[in-house]
Amino acid sequence: MIIRLLRHYKLSLLPVLLLLISNNVFAQNWESPFFRDHSLVGKIWDTNRNTWITERQLSLELLTYDYILLGETHDNLDHHILQARFLDYLVTAGAKPAVVMEMLVAKFWQDQPRTWDHLEVLQTQARARNGGWPWQLYTPVLQSVVQHNLELLAGNVDSEALREWTHKTDHYTSEEALARYQISAKEFQQLKRDIATSHCGYADDTFIEFMANAQLQRDHAMTSALVNSKLPVVLIAGSGHVRNNYAIPMQLSRRYPRLSHLSIAFISVLPELLNPEDYLHETPAVFDILYFTPSHTNQDACVQYSEQLKNMRQPNAQ
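Residues numbered from 1 in each chain as written. Predicted model: local features only at pLDDT ≥ 70, side-chain atom pairs only at ≥ 80, totals over all residues. Heavy atoms only, no water.

### Examining the packing of helix H10 (residues 185–198) against helix H11 (residues 205–227)
For the pair H10 and H11, the least separation of the axes is 9 Å and the interaxial angle reads 115°. In terms of crossing hand, the pair formed by H10 and H11 is right-handed. For the pair formed by H10 and H11, the contact residues are Phe 188, Leu 191, Lys 192, Ile 195 and Ala 196 on the first element and Ile 208, Glu 209, Met 211, Ala 212, Asn 213, Gln 215 and Leu 216 on the second. Residue composition of the contact of H10 with H11, grouped by class: eight nonpolar, two polar and two charged. (Axes fitted to C-alpha atoms, helices over the stretch in contact; angles between N-to-C directions. Helix = DSSP H or I, 4+ residues; strand = E, 2+ residues; numbered from the N terminus. Left-handed = near helix turned anticlockwise from the far one by under 90°. Contact = heavy atoms within 4.5 Å. Nonpolar A, V, L, I, M, F, W, Y, C, P; charged D, E, K, R; others polar.)

In structure tokens form, the structure reads like this:
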């Protein structure tokens with residue numbers, strides 16, 4: 001642990017660091033309005049050790065990894081506030097982490113600077129080049145990037161390229177194709193089951209196959225962006241991309257086994273789920289850390305998006 005810490009952090013800052021971590025570094029005034037009184041809110045679960053950990057312990061953990069993978073719910077402002085605080089903390093500890101974002105597409109971002117001086121300019125460019133994301137909610141993350149002069153890198157590939165690529169692969173289950181991502185057929189089937197579940201049973205087999213292929217390609221692109229960045233690196237992405245069982249952590253482990261990574265999922269609590277294991281869906285250590293927050297909505301996603309999900313059954317739906 002100490003060897004890894006010295007690779008990215010200044011020894012002279014350790015007394016200050018120890019003072020910082022004696023307090024609640026990530027103490028939070030919640031923005032999301034729903035289920036704030038849930039028993040899990042604000043708690044942190046270590047899935048590998050099967051135990052609760054404190055904010056002090058988590059802050060120490062952050063300093064020992066090459067890659068810190070922060071999985072979010074895109075519409076939950078609390079998740080972005082916590083991501084920004086992680087960045088602020090790492091900088092205070094003596095590092096200048098690079099930041100890779102799923103929301104930025106490399107093709108549309110390649111002529112942009114790596115560092116930014118003005119938040120408004122960065123947000124304007126993000127909206128113009130990568131629309132469709134709730135960029136206002138990402139203000140805390142982008143503010144931290146600007147404030148600390150951190151390198152900001154695009155991690156994603158554009159939809160047109162994804163569609164073109166996936167249409168060239170007839171059945172993406174062959175050993176040759178799966179070897180590109182070093183994923184087993186069993187793991188690929190689990191990915192497809194999770195996609196089917198997340199689409200509430202409305203997606204047909206063709207759509208699920210396309211989405212599974214697309215995720216593997218996106219994970220491959222983000223993994224490449226991570227390993228081509230200076231260390232340490234923080235990834236900002238949806239929680240599905242930081243799963244240990246078939247996403248970016250798996251690709252990092254199998255392609256770059258000497259590099260260390262920590263997968264953290266920010267979890268919006270649900271009133272009926274009262275134990276951390278309930279959020280793992282019978283997949284132990286699917287994330288390394290679960291950080292529980294209130295929810296930005298009290299609606300069931302399958303009900304809220306039922307009309308859009310039903311449209312996927314139409315012949316021309318993509």
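### Notes on unusual backbone geometry
Leaving glycine out, the prevailing phi sign among residues is negative, and the prevailing peptide bond configuration is trans. In the segment running from Leu 231 into Pro 232, the intervening peptide bond is cis, with an omega of -5°. With respect to the element layout, Pro 232 can be found in the loop between H11 and strand E6 (233–238). Residue Asn 50 is not a glycine yet carries a positive backbone phi of 55°. Tracing the chain through its elements places Asn 50 in the loop between strand E1 (44–46) and strand E2 (51–53). Positive phi, normally seen in glycine, also occurs at Asn 149, with a value near 55°. Inspection of the secondary structure puts Asn 149 in the loop between helix H7 (139–147) and strand E5 (152–156). Given a relative accessible area of 36%, Asn 149 falls into the partly exposed group. (Buried < 20%, exposed > 50% of the residue type's maximum accessible area, 1.4 Å probe, protein only.)

### Comments concerning the packing of helix H6 (residues 119–129) against H7
Contact pair H6 / H7: the axes reach a minimum separation of 9 Å and the direction vectors enclose 125°. With respect to their mutual orientation, H6 and H7 come out oblique. Remark: the crossing between H6 and H7 carries right-handed chirality. Seen from H6, the contacting residues are Leu 119, Leu 122 and Gln 123; seen from H7, they are Thr 139, Leu 142, Gln 143 and Val 146. In terms of residue class, the contact of H6 with H7 is built from four nonpolar, three polar and no charged. (Parallel < 35°, antiparallel > 145°, perpendicular 65-115°, else oblique.)

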